[in-house]
Amino acid sequence: MSEESAPPHSTIDPYKFLQIIPNADGTLTRDCSNYPSSVATPDPDDHTLLVLSKDVHVNQLNNTWVRMFLPRQALDSSFTTKLPLVVHFHGGGFIILSAATKVCHDFCSTIGAEIPAVVVSVNYRLAPEHRLPAAYNDAMEVLHWIKTAHDEWIQKYVDFSCCFLTGESAGGNIAYHTGLRVAAEVDNLLPLKIKGFILNAPYFGGVNKTESELRLGTNPLSPLCANNLMWELSLPIGADRDHEYCNPTVGGGSKLLDKFKLLGWKVLVIGGYEDPLIDRQIEFSKLIEQKGVKVVNRFDVGGHGSPKDIDKWIKDVVASTKSFISSSEMATGV
């Protein structure tokens, strides 16, 4: 069914739902009161912390920065093992949230402790002030920054041959599109080597509605009207949802998936059947499998529209992520 002929799904005001107010100059006023932030905690003398964290600027002109996470055990003088690197992109439909948002901070902290790994959480520019591909550009800039960074946590503790790109929702979309860009210039990132991708409820779309979007579009936790607005605000002006940034089945991106196979990259796709976007995620998984890419699916974990049991969600996603990274570490790197 086309977007134009689809019946209305909700009477919810998407601006109120997302807690955003459009301004005349094309910017947004964001009310983040429902999304509390956490401060970074870098003090190694605070022995209550299992994971230390700190914020580091990447591009002050663009006000992009990263929040880094280091498991305390790495500070032990007897700990000599280099750690995997997890580069994480937060969700929020490209228009809200940040690397400091509490749920993102808590998730990255748990990943750092449980894997264990050094986690670099990217605070990319948001739309509509900075429409796509700004977030993808920021992601690539962070990867290039990592490979040359003089930061002690990176230089001392990171195994550059064992890097994973992760993200939830819009962050999963960013991780995928960053992977396409890396595939096109993989040698330019050496010694940084990507081994795999963890895409948690990756945020994809299209003009024609899927069965799950029609069936679950009135879900009060993830109404389709909010989804429509986020794409309207984040895609390039004039683009519809069959733009390649939104719909992975169109454009030239799928050709680069052949390089995913050649590079030996693995992809973990996480989702849930109560998610209005689950059909998109299944379609994406099949697309990359058809290209010969090694894919692991977990469609029983949750996603957009899931009950707000954040602790259980983090536990399930972290368990899946840990298993995937452990199995990937055993494989030959790029």
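Residues numbered from 1 in each chain as written. Predicted model: local features only at pLDDT ≥ 70, side-chain atom pairs only at ≥ 80, totals over all residues. Heavy atoms only, no water.

Peer 1: Which residues make up the overall build of the chain, and what values go with them?
Peer 2: Counting its regular elements, the chain contains 10 helices and 10 strands. Over its C-alpha atoms the chain spans a radius of gyration of 19 Å, differing by no more than 12% from the 20 Å that the globule rule assigns to 334 residues. Seen through its principal axes, the chain has C-alpha atoms that stretch 65 × 45 × 40 Å. Looking at the chain as a whole, 56% of its 334 residues qualify as buried. Long-range pairs, those at least 24 residues apart, make up 77% of the contacts in the chain between residues at least 6 apart in sequence. When the accessible surface of the chain is totalled, it reaches about 14300 Å², and 53% of it is carbon and sulfur. Positive and negative charge centroids in the chain, built from 30 and 38 side chains respectively, lie 5 Å apart. (Helix = DSSP H or I, 4+ residues; strand = E, 2+ residues; numbered from the N terminus. Rg over C-alpha atoms; globule rule 2.2 N^0.38 Å. Buried < 20%, exposed > 50% of the residue type's maximum accessible area, 1.4 Å probe, protein only. Contact = heavy atoms within 4.5 Å. Areas by Shrake-Rupley, 256 points an atom, 1.4 Å probe, with all protein chains shown as cover. Lys, Arg positive; Asp, Glu negative; His and termini not counted. Charge placed at Lys NZ, Arg CZ, Asp CG, Glu CD.)

Peer 1: Give me the lowdown on the confidence of the model for the chain, citing residues and values where you can.
Peer 2: Taken over all residues, the pLDDT of the chain has a mean of 92, while the share at 70 or more is 94%. Taken together, the stretch residues 1-9 has pLDDT below 50 and engages in 16 contacts with residues farther than four places along the chain or on a different chain. (pLDDT = per-residue confidence, 0-100.)

Peer 1: For the side chain of H90, give the residues involved together with the corresponding values.
Peer 2: For H90, the location among the structural elements is in the loop between β5 (83-89) and α2 (102-114). On the basis of relative accessibility, which here comes to 1%, the residue H90 falls in the buried class. Those residues in contact with H90 that sit more than four places away from it in its chain are I96, L97, S98, A99, C104, V122, N123, Y124, L126, E168, A170 and G171.

Peer 1: Requested: an account of the pairing of strand β10 (residues 294-298), with residues and values cited.
Peer 2: Sheet topology note: the strand β9 (residues 266-270)/β10 ladder contains 5 bridges and is parallel. Paired with V269 across the bridge in β10 is N297. Handedness of the crossover joining β9 and β10 through helix α9 (residues 278-290): right-handed. (Pairing = 2+ DSSP bridges. Right-handed = clockwise from strand over helix to strand, strands pointing away.)

Peer 1: Summarise the layout of surface pockets; cite the residues concerned and give the values.
Peer 2: Taken as a whole, the second largest pocket encloses approximately 160 Å³ of empty space. Looking at the second largest pocket, it is lined by 13 residues, and the ones nearest its centre are H177, L180, E244, Y245 and G253. Those elements giving two or more residues to the lining of the second largest pocket turn out to be α5 (170-184) and α8 (253-263). Counting residues per element, the lining of the second largest pocket draws most heavily on α5, which supplies 4 residues. (1 Å grid on protein atoms, 1.4 Å probe; cavity = no way out; pocket = protein on both sides within 12 Å on 5 of 7 lines; lining within 4 Å. Points joined across faces, edges and corners; volume = space filled by probe spheres on them.)

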